[in-house]
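The chain contents come next:
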Amino acid sequence: MKERKKYSKEEKLRIVQEAAEQGVKVTLDKYGLYPATYYDWKRKLQAMGEKGLEWGMTPSTSRRYAGWRSRTNSSSSCWPNSSRRASSRTSC
């Protein structure tokens, strides 16, 4: 069985750009990619820009990350060393 290759964000971006210039079928054959993989990368690039090509990034994970960042930057910290006791936390 062929070992699965993980592509970096830069490689994915280059492949999507190459497919736009050279054609999807030619590019996918060159790199041995499935069409579903290419179209997933293209959809993420259109929806979220280059950040969407990072491993595991989807629009929903991007929203969750943004929400987490806004909560951790608020005045009431949810970190263990905060002034509130861990057992008294209602939500983080």
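Our structure's up above, just so we're on the same page.
The present account deals with the structure reproduced in this document.

Conventions used here
- Residues numbered from 1 in each chain as written.
- Predicted model: local features only at pLDDT ≥ 70, side-chain atom pairs only at ≥ 80, totals over all residues.
- Heavy atoms only, no water.
- Phe/Tyr/Trp six-rings, centres within 6.5 Å; stacked < 30°, edge-to-face > 60°.
- Helix = DSSP H or I, 4+ residues; strand = E, 2+ residues; numbered from the N terminus.
- Buried < 20%, exposed > 50% of the residue type's maximum accessible area, 1.4 Å probe, protein only.
- Lys NZ or Arg CZ within 6 Å of the ring centre and 35° of its normal.
- Core = buried A, V, L, I, M, F, W, Y, C linked by side-chain atoms within 4.5 Å.
- Contact = heavy atoms within 4.5 Å.

**What about the packing of aromatic side chains?**
So, step 1. Under the defined criterion, the tally for this structure stands at 2 aromatic pairs.
So, step 2. With a centroid separation of 5.4 Å and an interplanar angle of 70°, the aromatic rings of Tyr-7 and Trp-41 are classed as edge-to-face. Residue Tyr-7 is located in the segment before α1 (9-22), and its partner Trp-41 is located in helix α3 (residues 35-48); the two are separated by 34 residues in the primary sequence.
So, step 3. According to the relative accessible area criterion, Tyr-7 is buried, its value standing at 17%.
So, step 4. Ring centres of Tyr-38 and Tyr-39 lie 4.8 Å apart, and the angle between their planes is 75°; on these two criteria the pair is classed as edge-to-face.
So, step 5. Over the aromatic face of Tyr-7 sits the side chain of Lys-5, whose NZ or CZ is 4.6 Å from the ring centroid.

**Overview of the nonpolar core**
So, step 1. Core analysis: the largest hydrophobic core is formed by 10 residues, namely Tyr-7, Leu-13, Ile-15, Val-16, Ala-19, Leu-28, Leu-33, Tyr-38, Trp-41 and Leu-53.
So, step 2. Ranked by residues supplied to this core, first place goes to α1 with 4 residues.
So, step 3. Among residues more than four places away in sequence, those in contact with Tyr-7 are Lys-12, Ile-15, Tyr-31, Leu-33 and Trp-41.

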